[in-house]
Amino acid sequence: MVEDEKIKTQVSPFAMKEGEIKTFDGKDGYVSINQIIHRINLGHISDVHFKILELVNEFEFMTSRQIYQILVHRNIEIKSQDKLNNKLEQLIKTKILTRYYFSSEDGKCIYRVYCLEKMGKYLLGSRNVECKWQPTDNTKPVEMIKKRLAGNQVIIAYMRKVAAFDSYTVKPAITAKKSGKVFKANRRS
């Protein structure tokens, strides 16, 4: 994995581009829960896979780099970015996670975005992990997904660089100091 200090860019990869669209890059077809249970019983889906699922559930949308950085920060045994990518590919093939990429007139972006699938929700529920995912979450527009990815990156930057950092809220509510009203993010036209 390329270290943060070696990444030289003028524009955030999560900045919106004119005419950008989200493209499905997951797996079509059907996978039964019995097939997934069989893979778990064989050890092909392990605790590390479940840690990945829990992360994606918590953050809603994530890049593989973001997943890797948080796993490393939490001291979860993942040998390399390539090993993580193999695990993510297994989760996609079994329709536990799905994947998208963004494209515009400039071409495809260089990262993929991972999010839950129905089977992922079932597996988390089997471990008593609260999961608010619903199928319509995967229909969110590009700007909402990129906003989430940018927010993830801020959390990861604090997590990795601030010694006193000890907790975070993925989607914090912003409240007016005097009136106590919660602000809602509106989409600009």
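Everything discussed here concerns the structure shown above.
Parameters and conventions
- Residues numbered from 1 in each chain as written.
- Predicted model: local features only at pLDDT ≥ 70, side-chain atom pairs only at ≥ 80, totals over all residues.
- Heavy atoms only, no water.
- Axes fitted to C-alpha atoms, helices over the stretch in contact; angles between N-to-C directions.
- Helix = DSSP H or I, 4+ residues; strand = E, 2+ residues; numbered from the N terminus.
- Parallel < 35°, antiparallel > 145°, perpendicular 65-115°, else oblique.
- Left-handed = near helix turned anticlockwise from the far one by under 90°.
- Contact = heavy atoms within 4.5 Å.
- Buried < 20%, exposed > 50% of the residue type's maximum accessible area, 1.4 Å probe, protein only.
- Arc of directions from axis to C-beta.
- Polar contact = N/O pair within 3.5 Å; in protein donor to acceptor, adjacent residues only side chain to side chain.
- Nonpolar A, V, L, I, M, F, W, Y, C, P; charged D, E, K, R; others polar.
- Phe/Tyr/Trp six-rings, centres within 6.5 Å; stacked < 30°, edge-to-face > 60°.

### Some points on the packing of helix α2 (residues 47–59) against helix α3 (residues 64–73)
Working note: a packed helix pair is described by the angle between its axes plus the distance between those axes.
Then step 1. Viewed as axis vectors pointing N to C, α2 and α3 meet at an angle of 115°, and their least axial separation amounts to 11 Å. Comparing their axes, α3 and α2 come out roughly perpendicular. Two packed elements cross with a definite hand, and for α2 against α3 that hand is right-handed. Two secondary-structure elements touch here, α2 through Lys-51, Ile-52, Leu-55, Val-56 and Phe-59 and α3 through Ile-67, Ile-70 and Leu-71.

### Here's the deal with helix α5 (residues 118–126)
Then step 1. Taken as a whole, α5 has its buried residues at Met-119, Gly-120, Leu-123 and Leu-124. Projected onto a plane normal to the axis of α5, the buried residues spread over an arc of 135° and lie on a single side.
Then step 2. Check the buried side of α5 and you find it contacts α1 (33–41), α2 and β5 (113–116).
Then step 3. A positive backbone phi angle near 60° is found at Asn-128, which sits one or two residues after α5.

### Considerations on the side chain of Glu-60
Then step 1. Tracing the backbone through its elements, the reader meets Glu-60 in the loop between α2 and β2 (62–63).
Then step 2. Polar contacts involving the side chain of Glu-60 include one to the side chain of Lys-140, which spans 2.4 Å.
Then step 3. Once you skip the residues sitting within four places of it in the chain, Glu-60 turns out to touch Tyr-114, Cys-115, Asp-137, Lys-140, Arg-148 and Lys-171.

### Re the side chain of His-49
Then step 1. Inspection of the secondary structure assignment puts His-49 in helix α2.
Then step 2. Its relative accessible area of 2% is what places His-49 among the buried residues.
Then step 3. Separated by 2.9 Å, the side chain of His-49 and the backbone nitrogen of Ser-46 make a polar contact.
Then step 4. If we skip the residues at most four places from it in the chain, His-49 touches His-44, Lys-87, Gln-90 and Leu-91.

### Comments concerning the packing of α2 against α5
Then step 1. Between α2 and α5, the least distance of the axes is 10 Å, while the angle of their chain directions is 110°. The orientation of α2 relative to α5 falls into the category roughly perpendicular. Here Phe-50, Leu-53, Glu-54 and Asn-57 of α2 lie close against α5, whose contacting residues are Gly-120, Leu-123 and Leu-124.
Then step 2. Its residues placed into classes, the contact of α2 with α5 shows four nonpolar, two polar and one charged.

### So, unusual backbone geometry
Then step 1. One non-glycine residue with positive phi stands out, namely Asn-75, at about 60°.
Then step 2. Among the secondary structure elements, Asn-75 is positioned in the loop between α3 and α4 (81–93).

### A look at the packing of aromatic side chains
In this description, a pair of aromatic rings is defined by centroid distance and the angle of the planes.
Then step 1. Counted by the stated rule, this structure contains six aromatic pairs.
Then step 2. When the centroid spacing of 5.4 Å and the interplanar angle of 70° are considered together, the rings of Phe-14 and Tyr-111 count as edge-to-face. Of the two residues, Phe-14 is situated in the segment before β1 (21–24) and Tyr-111 in the loop between β4 (107–108) and β5; the sequence distance between them amounts to 97 residues.
Then step 3. Since its relative accessible area comes to 13%, Phe-14 is described here as buried.
Then step 4. Look at Tyr-111 and you get buried, because its relative accessible area is 11%.

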